[in-house]
Amino acid sequence: MKVMLAPMEGVVDHLMRDMLTRVGGFDQCVTEFVRVVDQKLPHKTFYRLCPELHHGGKTASGVPVRVQLLGQHPQWLAENAETAVALGSPGVDLNFGCPAKTVNKSKGGAVLLKETQTLYNIVKAVREAVPSNIPVSAKIRLGFEDKSLAIENAIAITEAGASELVVHARTKTEGYKPPAYWDWIAKIKQHTNIPLVANGEIWSAEDAKRCQQQSDCVNLMIGRGALALPNLARCIKHDEAPMPWPELASLLIQYSGYEIFGDKGKYYPNRIKQWCGYLKKQYPEAEVLFNDIRRLTNSDDIVEVLARQSSH
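Conventions used here
Residues numbered from 1 in each chain as written. Predicted model: local features only at pLDDT ≥ 70, side-chain atom pairs only at ≥ 80, totals over all residues. Heavy atoms only, no water. Salt bridge = Lys/Arg side-chain N within 4 Å of Asp/Glu carboxyl O. Buried < 20%, exposed > 50% of the residue type's maximum accessible area, 1.4 Å probe, protein only. Helix = DSSP H or I, 4+ residues; strand = E, 2+ residues; numbered from the N terminus. Core = buried A, V, L, I, M, F, W, Y, C linked by side-chain atoms within 4.5 Å. Contact = heavy atoms within 4.5 Å. Pairing = 2+ DSSP bridges. Right-handed = clockwise from strand over helix to strand, strands pointing away. Phe/Tyr/Trp six-rings, centres within 6.5 Å; stacked < 30°, edge-to-face > 60°.

Within the structure shown, the criterion is met by 17 salt bridges. Residue glutamate 115 pairs with lysine 107 through a salt bridge whose shortest N-O separation is 3.1 Å. With a relative accessible area of 32%, lysine 107 lands in the partly exposed category. Measuring nitrogen to oxygen at the nearest pair gives 2.9 Å for the salt bridge that ties glutamate 201 to arginine 170. Of this pair, glutamate 201 sits in the loop between β7 (196–199) and α8 (205–215) while arginine 170 sits in the loop between β6 (164–168) and α7 (183–189), and the two are 31 residues apart along the sequence. The class of arginine 170 is buried, set by a relative accessible area of 0%. If you follow the salt bridges from partner to partner, you end up with Lys2, Arg66 and Glu164 in one network.

Structure, rendered in structure tokens:
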């Protein structure tokens, strides 16, 4: 079984990847998307979104990090894929699942699920641009407004030469609303011969087992679930108990150190409050913490509250 950490724009950056892979259980990460429009991007763009490229394309705990590209033009995506690989990315991932309106308006992400031929052209161009030993993966949803092209899109991506396909088991229109239609991944599997990865609504080890059964898919990608329960990957793989709150509060203090002394320190108060929003799904204590720090804007004051929480 492989458990992957999902890319989440504005949430799972290199600091969060480092933190969660230190907790353990993850076999692979994917970056926030690198937006490709009509040019070959400078190296600094790749290093900014994937500083792990400075360290062999791996987090500090040794987990490979694959650069993700988002765009609509096959040739520009291919040229930027070459750059990512040249800088040390252990693979290239293509984003055909992002539901953001701003991205979809400019013909990126999930809107491309309406254009099966474009999916094929993009994957084929990228596959031909990078060495054959470098994996080229894609992430899709089941469709844009409906699921009518789900199987056709998966076949096109397979035939174009993709190495792996992650399927978020909802359409763009369905967004992140429960349920995820895991059984559709099993339908797709009947028509493809590349490894599939199931994604969507995996919040617990029990969810993971049900997802594997319904999707007929062993490999999983988790995103919001890992933010709500940081040792979720270990719970899934090793039947570990959920992390107790004092341990999690200590983890939040470690994360605070990363954020405050990192390059995004000024955003720290908002980031920690955002993480509390996910934690509330699993920990009632997170609700109390959020209420305690909601009006705080000073990093030291927030860390002081966290220290009290961890000592309890």
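Picking up after the structure, the text goes on.
Another point: the nonpolar core. With 96 residues, the main nonpolar core has Leu69, Phe96 and Trp275 as its most contacted residues. With 6 residues, helix α11 (residues 245–261) is the largest single contributor of residues to this core. Excluding its chain neighbours within four sequence positions, the residues that come into contact with phenylalanine 96 are Gly109, Ala110, Leu112, Leu113, Leu119, Ile122, Val123, Ala138, Lys139, Ile140, Arg141 and Ile157. Met4, Val166, Val197 and Met221 belong to the second-largest nonpolar core, a separate cluster that totals 6 residues.

Turning our eyes to something else, we now look at the pairing of strand β8 (residues 219–222). Alternating residues of β8 divide into Asn219 and Met221 and Leu220 and Ile222, and every residue in both groups is buried. Alignment of strand β1 (residues 3–5) against β8, held across 3 bridges, turns out to be parallel. Opposite valine 3, over in β8, you have leucine 220 as the bridge partner. Bridge count for β7 against β8 is 3 bridges, and the pairing is parallel. Note that in β8 the partner of valine 197 across the bridge is asparagine 219. Taking the sense of rotation as the criterion, the β-α-β connection linking β7, α8 and β8 turns out right-handed.

Attention shifts here to the packing of aromatic side chains. For the structure shown, the criterion picks out 2 aromatic pairs. Look at tryptophan 245 and tyrosine 283: their rings are 5.5 Å apart centre to centre, the planes differ by 50°, and that puts the pair in the tilted class. With tryptophan 245 in helix α11 and tyrosine 283 in the loop between α12 (268–279) and α13 (284–293), the pair connects residues that are 38 residues apart, well separated along the chain. When the centroid spacing of 4.9 Å and the interplanar angle of 75° are considered together, the rings of tyrosine 255 and tryptophan 275 count as edge-to-face. Here tryptophan 275 lies in helix α12 and tyrosine 255 lies in helix α11, a separation of 20 residues in the sequence.

Such coordinate-based values are descriptive only and should not be taken to indicate function.
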